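Take a look at the letters that make up each chain.
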Amino acid sequence: MSEPFVSLSNLTLSYGDTVAVPALDLDVVEGELIALLGPSGCGKTTTMRAIAGLLSPTSGRISIDGRDVTRVAANKRGIGLVFQSYALFPHLSAFENVAFGLRLQKLPEAEIRSRTEAGIATVGLAGFEGRKPAEMSGGQQQRLALARSLVMEPKVLLLDEPLSNLDARLRLEMRTELQRVQKKTGVTMVFVTHDQAEALALADRIVLMKDGKIEQLGTPHELYAEPATAFAAEFMGFENIFRAEGGNLVSDHGQMPLGFAAAAPMLAWRPSGVVVGEGPFRGTVSASSFAGGHREYVIETPLGPIKADAPIESAEVPLGESVAFDLPETTARALAA
Ligand SMILES: Nc1ncnc2c1ncn2[C@@H]1O[C@H](COP(=O)(O)OP(=O)(O)O)[C@@H](O)[C@H]1O
Ligand SMILES: [Mg+2]
């Protein structure tokens, strides 16, 4: 692995006496898009603020591109910031919004012009130079905010939930757009989201955070296929998680015999890993909804409600009916306690 480009070592971040992030270690490789993923309040924004220089660490060290920047002012770190609120200047045109930072640097007019035009083209906004932010859609405003950061040629671009103000369709579109821009510019990106699908779709690596600590770090595929803990599994869509004790599956509701030898203290199944219509167990269908390619059931069982997806081709089980089901070994994910 190459030298880390951004390195957080033993970083502790606090608000007064409250420690939000205790002793975080994280290395980001140059040119990678790393996603900080986790529920609200787990310390994502706090970590970003520290990297940006907007929050002084209680202890620990931050380095960027081989330089210790722990005590370096925010505007001297070579960081670009894109937040959920775009903070564009409403009275300036798209062009002048993007050119703003370059003008502050008192660069020659010709350079300002060419870099601004290139930045606007990179985010696909050529032709919109004369528009005011209010005359642009939410997605276009977000692209403009991205262009404004990119033209400053930051070493690292920090994006804190940049897509969460957009509607679902635009969010998908901007995901692809961000990936394209990142591959094109090669800029190192730290991307914050609480949306696992967004992290899976965008990131080279995902840092799953819980209570200010790294719960698991890996590629999207690793996190999706091999979550190591119940928290990670739940975040990655394993909605059925049970303890395995003495040949039984156990929950707070009750227990059921397990048909195979458990390899771990906990086992988890995605809804798609539960078999509906055959198997050694029985339960009662308490909810059923059409979800396009499959049907989503909730089955009431001795373990409590189990979520199960059945192929749309299979016969629909009516609400209130008893149904056979299976929690097979082949689709079980073994988890540490
Ligand atoms: N300005 C603040 N003052 C005090 N506590 C804060 C402040 N900002 C965040 N926190 C606390 O720090 C923790 C992490 O918050 P934050 O980094 O904003 O989480 P996230 O971005 O993952 O939702 C939370 O418990 C939050 O309540
Ligand atoms: Mg946040």
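Numbers given to residues run from 1 along each chain, matching the order in which its sequence is written. Lettering of chains starts at A and numbering of ligands starts at 1, both following the order in which they are written. Local features in a predicted model are, by the rule used here, given only for residues with pLDDT of at least 70; side-chain atom pairs are given and counted only at 80 or more, and totals for whole chains, interfaces and linings are based on all residues. Values shown for side chains rest on all heavy atoms present in the structure; no hydrogens or waters enter the calculation.

Looking at an unreviewed UniProt entry, the protein chain carries the name ABC transporter ATP-binding protein, with the source organism given as Harenicola maris.

### Describing the overall build of the protein chain
Each helix corresponds to a stretch of at least 4 residues labelled H or I by DSSP, and each strand to a stretch of at least 2 residues labelled E; elements are numbered beginning at the N terminus. Along the backbone of the protein chain there are eight helices and 19 strands. Excluding contacts between residues fewer than 6 apart, the proportion of contacts in the protein chain whose partners are at least 24 apart in sequence is 64%. Every accessible area reported is derived by Shrake-Rupley at a probe size of 1.4 Å, with residue values counting cover from the shown protein chains alone. For the protein chain, the exposed surface amounts to about 15500 Å²; the carbon and sulfur share of it is 52%. Positive charges come from Lys and Arg alone, negative charges from Asp and Glu alone, with His and the N- and C-terminal ends not counted. Where a charge lies is defined by one atom per residue type, namely NZ (Lys), CZ (Arg), CG (Asp) and CD (Glu). Averaging the positions of the 31 positive and the 40 negative side-chain charges in the protein chain gives two centres separated by 9 Å. Throughout, a contact is declared for two residues whenever any of their heavy atoms are within 4.5 Å.

### A short note on the domain arrangement of the protein chain
Along its sequence, the protein chain is organised into domain 1 (4-232) and domain 2 (238-335). Where a domain begins and ends is set by an automatic assignment or by a domain database. Each of domain 1 and domain 2 has a C-alpha centre, and the two are 39 Å apart. Facing seven residues of domain 1, the contacting portion of domain 2 comprises seven residues. Accessible area that two parts lose when put together, with a 1.4 Å probe and added across both, is what the buried area reports. Buried surface at the junction of domain 1 and domain 2, summed over both partners, amounts to about 530 Å²; 55% is from carbon and sulfur atoms. Note on definitions: salt bridges are taken to be side-chain nitrogens of Lys or Arg within 4 Å of carboxyl oxygens of Asp or Glu. Where domain 1 meets domain 2, there are zero salt bridges. We define a polar contact as two N or O atoms separated by no more than 3.5 Å, with the added condition that, inside protein, one atom must be a possible hydrogen donor and the other a possible acceptor, whereas residues neighbouring each other in sequence contribute only through side-chain atom pairs. One can count two residue pairs in polar contact (both at pLDDT 80 or more) joining domain 1 with domain 2. Three classes are used: nonpolar for Ala, Val, Leu, Ile, Met, Phe, Trp, Tyr, Cys and Pro, charged for Asp, Glu, Lys and Arg, and polar for all others, with Gly counted as polar. Residues of the side of domain 1 that touches domain 2, tallied by class, amount to five nonpolar, one polar and one charged.

### Here's the deal with the sheet that holds strand β1 (residues 4-15)
In spatial order, the strands read β2-β1-β4-β5; together these four strands make up an open sheet with antiparallel pairing. What marks the edges here is a single partner per strand, and that holds for β2 (18-29) and β5 (67-68). One requirement defines pairing of two strands: DSSP has to find at least two bridges between them. With two bridges connecting them, strand β4 (residues 59-64) and β5 associate as antiparallel partners. Looking across to β5, one finds that S63 is bridged to D68. For helices, the axis comes from a line fit to the C-alpha atoms of the stretch in contact; other axes are also lines fit to C-alpha atoms, and the angle between any two N-to-C directions lies between 0 and 180 degrees. Packing against the sheet, helix α1 (residues 44-52) makes contact with β1, β2 and β4, and its axis sits at approximately 115° to β1.

### Some remarks on unusual backbone geometry
Of note in this structure, N10 is not a glycine but carries a positive phi near 50°. Along the chain, N10 turns up in strand β1. Think of it in three bands: with a 1.4 Å probe and only protein chains considered, a residue is buried below 20% of the maximum accessible area for its type, exposed above 50%, and partly exposed in between. Its relative accessible area of 45% is what places N10 among the partly exposed residues.

### Section: the nonpolar core
L146, L157, L159 and L178 are the most contacted members of the largest nonpolar core, which totals 43 residues. Ignoring anything within four residues of it in the chain, the contact list for L159 reads M48, V82, L146, L178, M189, V190, F191 and V192. If you look at the next biggest cluster of nonpolar residues, it comprises 28 residues, including L8, L11, A50 and M209. To define a nonpolar core, start from buried Ala, Val, Leu, Ile, Met, Phe, Trp, Tyr and Cys residues and group those joined through side-chain atoms within 4.5 Å.

### Considering the packing of aromatic side chains
Here a Phe, Tyr or Trp ring, Trp counted by its six-membered ring, pairs with any other such ring whose centre lies within 6.5 Å, and the pair is stacked when the planes are under 30 degrees apart, edge-to-face when over 60, and tilted otherwise. The final tally for this structure, using the stated rule, is three aromatic pairs. Ring geometry for F89 and F100: centres 4.5 Å apart, planes at 45°, overall tilted. Placement of the pair is F89 in the loop between β6 (79-83) and α2 (94-104) and F100 in helix α2, with a sequence separation of eleven residues. For F89, a relative accessible area of 27% gives the class partly exposed.

### Focus: helix α5 (residues 168-185)
Its 18 residues place the ends of α5 26 Å apart at the C-alpha level, agreeing with the 26 Å of an ideal helix rising 1.5 Å per residue. Listing the buried residues of α5 in full gives L170, M174, R175, E177, L178, V181 and Q182. Close packing links the buried residues of α5 with β3 (33-37), α3 (109-122), α4 (138-150), β7 (156-160), β8 (188-193) and α6 (196-202). Where α5 terminates, the next one or two residues include G186, which has phi positive at roughly 70°. Multiplying 1.5 Å by the residue count of a helix minus one yields the expected span of that helix.

### Remarks on the site of ligand 1
In the region of ligand 1, the neighbouring residues are Y15, A20, P39, S40, G41, C42, G43, K44, T45 and T46. In this structure, an oxygen atom belonging to ligand 1 sits 2.8 Å away from a side-chain N or O atom of K44. For ligand 1, an oxygen atom lies 2.5 Å from a polar atom in the side chain of T46. Protein contacts shield 55% of the accessible area of ligand 1, which totals 560 Å² for the unbound molecule. Within the shell around ligand 1, the residues separate by chemical class into four nonpolar, five polar and one charged. We call a residue near a molecule or strand whenever a single non-hydrogen atom of that residue lies within 4 Å of it.

### Side note on the side chain of T46
If you trace the backbone, T46 turns up in helix α1. Residue contacts for T46: discarding those within four places in its chain leaves L13, Y15, A20, V21 and L55.

### Remarks on the packing of α4 against α5
In the contact formed by α4 and α5, the axes pass within 11 Å of each other and the chain directions differ by 20°. Viewed along their axes, α4 and α5 adopt a mutual orientation that is roughly parallel. Between α4 and α5 the crossing geometry is right-handed. Along the contact surface, α4 presents G139, Q142, R143, L146 and L150, while α5 presents L170, E173, M174, E177, L178, V181 and T185. Geometric relationships in this document are graded by angle, where less than 35 degrees denotes roughly parallel, more than 145 denotes roughly antiparallel, 65 to 115 denotes roughly perpendicular, and other angles denote oblique. Handedness of each helix crossing follows the sense of rotation of the near helix against the far helix: counterclockwise by less than a right angle gives left-handed, clockwise gives right-handed.

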